[in-house]
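Notes for the structure review
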Amino acid sequence: MSVDISTEREVQFVEQTRVATVCTSPQVMITPGICEGYLLKRRKWPLKGWHKRYFVLEGGTLRYSKSHQDVSRGRVQGSLDVSLAVMSINKKSNRIDLDTGDILYHIKAKSHDLFYIWVTKLQAHRLYKKNETANAHSNECCLPPLFSQKIVFLHFSLFLLLHHQPAPSHGPPSVADSAAEYFDASDDILCGSSSEVSDESGLSDGSTTNSEPEEGHGKDLARVSMPAALNEPVNLLQRLCEELEYSELLDVANNTPDPYQRMVYIAAFAISGYTTATFRNRYKPFNPVLGETYECIREDRGFRFISEQVCHHPPISACHAESENFTFWQDQRWKNKFWGKSLEILPTGMVNVTLSRYGDHYEWNKVVTCIHNVLSQQRYLEHYGEVTIQNLKNSTCTCKITFVKSRYWGSDTNKNEVQGTVLDQGGSVIHRFGGLWHEGIFCDTLPTPKCIWKPSFCPPTDSQPKDYLQFYGFSTFAMELNELTPDLRPFLPPTDTRLRPDQRMLEEGNVSGADRKKDEIEELQRERRKELAKKGSEHTPRFFRKAKDSSGRDVWLNTGTYWELRQNPGFAKLENITLW
């Protein structure tokens, strides 16, 4: 019997067949043979792409080095216990993904024959290592594999739902291995030289599908409403506003004559937007419904902000902020990749900032966010990748920022590292800066070396309450996002997030009421979508319009009508959509 791999999807989790017991007696355990040879391994930082590495699979442990000589000398670059990994494969590209929660390997074979050998050998070693562990703890109770599988699928589906991604249609990821027999494979694998190949995407793009579930899989999980208790009492539209918590960096940039130093402050602002994740990995923000809006006027910071949920499939949130010193806008969209124990979130939109004094227009991308151990209480997140900041109005300088991916064997003090350089037109480094995205950024190439940015909670200040961990890890700025004062309420449109009842109930501690109201709001959204479908029309955003940027990408730009309508005649005198 061969490995149970479906051919209907390009990417599949390796399935588990039903077995009577996971624990096999030591007398019948057979140690699988060693498998070794060259494969391509994907690097995410630095020099991202596919690189040739020599792998050795022995006794349930997969380790790799740059060459066979390095292996013989004991120079190992990394290793993982394959029995702890969720294994998924892509038959079309001969790729194997192994995810232990803390370690994530993407490897690829040069041929399908070699790919098949490694898949069967990995399965054999995973089964061997699991049985070995089970025998070592023979006095402990083992769950039946099918029951254990259902539990994992429940948690797996939960996290996919939290990120708008449909559950796989061919069953859950496996945590125990198949007891199937395997075709024998040679212990000595020889592989010709391999050149680097282009990068490629892993799983589906995470967009929601309307397809019906397959027979035998019950309800379409993408339509199941998740409990409000899994949320924090802020919205994704408000999360966009949180990126302006350190907007004073843009004010400083607008008043800095030197273009290279100005770029340093723009870079610090780009980094500061990630610090909200420091204490925020336990809950998710509310997902906005289509047409929902949020405004924020901060006279103390000198800016006003508007955001709107402009698209539902795929979800897109657009925002625009303006002040005397700067204009800030972006539309947030992302792709999700779930690898079995880790979830990668890949933003695809661009962030834009213009400075009024110098006419600069800065544009930059966002990096990948990875949540490790999503199914356990030990989950944590990290950001990694490269950010490129360009001034579209002036090519005097550019900026490169690297969010360093933590080493598997590194200490906690090395996590969350950021390195950056400001380059002139010739590529020469003018400024260097670095630090940790959750602690601060230091630049020693300025005329006066100094810390150019430090988050409000490092060290603890009035901007970060002492009991912030009891309030979802919110900073004072985040807590103020949902404030609804009597003098503000008459000016808000009824679609403003502050008026959303389920989110307000959760903030007030009425979890059961929030659950009921959340279900009602989601049902109203489905009804509106059905009505539009009957008419053959689509939702039209109220305050943003779709356009193309200078690179031909789709973007959502502010129409400029929100503040005019707010002032005259006022939203109370206008026709508004009913969201809740």
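Quick note: structure is the one above.
What comes next is a walk through the structure. Computed from a predicted structure; not experimentally measured.

What counts, and at which threshold
Residues numbered from 1 in each chain as written. Predicted model: local features only at pLDDT ≥ 70, side-chain atom pairs only at ≥ 80, totals over all residues. Heavy atoms only, no water. Helix = DSSP H or I, 4+ residues; strand = E, 2+ residues; numbered from the N terminus. Polar contact = N/O pair within 3.5 Å; in protein donor to acceptor, adjacent residues only side chain to side chain. Expected span 1.5 Å × (residues − 1). Buried < 20%, exposed > 50% of the residue type's maximum accessible area, 1.4 Å probe, protein only. Contact = heavy atoms within 4.5 Å. Salt bridge = Lys/Arg side-chain N within 4 Å of Asp/Glu carboxyl O. Core = buried A, V, L, I, M, F, W, Y, C linked by side-chain atoms within 4.5 Å. Phe/Tyr/Trp six-rings, centres within 6.5 Å; stacked < 30°, edge-to-face > 60°. Disulfide = S-S within 2.5 Å. Pairing = 2+ DSSP bridges.

As for the side chain of Arg95
Mapping Arg95 onto the fold places it in strand S7 (residues 95-99). Side chain to side chain, Arg95 and Asp97 meet in a polar contact 3.1 Å long.

Concerning helix H9 (residues 511-535)
For H9, which comprises 25 residues, the first-to-last C-alpha distance of 37 Å matches the rise-based estimate of 36 Å (1.5 Å per residue) to within 8%. When we look at burial in H9, the residues that qualify are Gly513, Ala514, Lys518, Ile521, Glu522, Gln525 and Arg528. Buried residues along H9 sit against strand S9 (231-235), strand S10 (284-286) and helix H8 (501-507). Downstream of H9 by one or two residues, Gly536 has phi in the positive range, about 70 degrees.

Let's talk about helix H6 (residues 259-272)
The end-to-end C-alpha distance of H6 is 20 Å, a good match for the 20 Å that 14 residues give at a rise of 1.5 Å each. For H6, a buried count of eleven out of 14 residues is recorded, marking the element as mostly surrounded by other parts of the structure. Along H6, the residues that are buried comprise Arg262, Met263, Val264, Tyr265, Ile266, Ala267, Ala268, Phe269, Ala270, Ile271 and Ser272. Between the side-chain oxygen at the start of H6 and the backbone nitrogen of Tyr260 there is a gap of 3.0 Å, and the oxygen is on Asp258.

Quick look at the pattern of salt bridges
Going through the model one piece at a time under the given rule, you end up with 28 salt bridges. Measuring nitrogen to oxygen at the nearest pair gives 2.7 Å for the salt bridge that ties Lys518 to Glu522. Here Lys518 pairs with Glu522, and both are found in helix H9, just four residues apart, close to one helical turn. Note on accessibility: Lys518 and Glu522 belong to one class, buried. What you see here is one network of salt bridges that share partners, running through Glu232, Arg239 and Glu242.

Some remarks on the nonpolar core
Phe305, Trp364, Ile389 and Ile401 are the most contacted members of the largest nonpolar core, which has 56 residues in total. Once you skip the residues sitting within four places of it in the chain, Ile401 turns out to touch Ala267, Ile271, Gly385, Glu386, Val387, Ile389, Val418, Gln419, Gly420 and Phe433. Of all hydrophobic cores here, the second largest spans 22 residues; its members include Tyr64, Ala85, Leu98 and Val119.

Some words on the packing of aromatic side chains
Any aromatic ring pair is given by two values, namely how distant the centres are and how the planes are angled relative to each other. Taken as a whole, this structure holds 14 aromatic pairs when the rule is applied. When the centroid spacing of 5.6 Å and the interplanar angle of 80 degrees are considered together, the rings of Tyr64 and Tyr105 count as edge-to-face. Remark: Tyr105 occurs in strand S8 (residues 104-108) and Tyr64 occurs in strand S4 (residues 61-65); sequence separation between them is 41 residues. Assessed through its relative accessible area of 10%, Tyr64 is described here as buried. Seen in terms of ring centroids, Phe543 and Phe571 are 6.0 Å apart; in terms of plane orientation they differ by 80 degrees. Their pairing is edge-to-face. Separated by 28 residues along the polypeptide, Phe543 in the loop between H9 and strand S26 (544-548) and Phe571 in the segment after helix H10 (562-567) bring together distant segments of the chain. Take Phe543: its relative accessible area is 0%, and that puts it in the buried class.

Looking at the environment of Asp300
Mapped onto the secondary structure, Asp300 falls in the loop between strand S11 (293-298) and strand S12 (303-311). Residue class for Asp300 comes out exposed when judged on its relative accessible area of 59%.

Points about the state of the cysteines
Throughout the structure, instances matching the rule amount to zero disulfides. Looking at the unpaired Cys319, the closest cysteine sulfur is the one in Cys241, lying at 8.3 Å. On the accessibility criterion, Cys319 (0% relative accessible area) is buried. The closest cysteine sulfur to the non-disulfide-bonded Cys397 is located on Cys399, 8.2 Å from its own sulfur.

Side note on the pairing of S7
Burial runs high along S7: five of the five residues are buried. Residue alternation in S7 divides its side chains into two sets, Arg95, Asp97 and Asp99 and Ile96 and Leu98, and both sets are buried. Pairing between strand S6 (residues 86-90) and S7: five bridges, direction antiparallel. Across the sheet, residue Asn90 finds its bridge partner in S7, namely Arg95. Hairpin connection between S6 and S7: a loop of four residues separates the two successive antiparallel strands, and Asn94 in this loop has a positive phi of roughly 60 degrees. Looking at chain direction, S7 and S8 are connected through five bridges and run antiparallel. Residue Ile96 lies in a different strand from S8, and its bridge partner there is Ile107. Connecting S7 to the antiparallel partner S8 that follows it, the hairpin turn spans four residues, and Gly101 within it adopts a positive phi of roughly 105 degrees.

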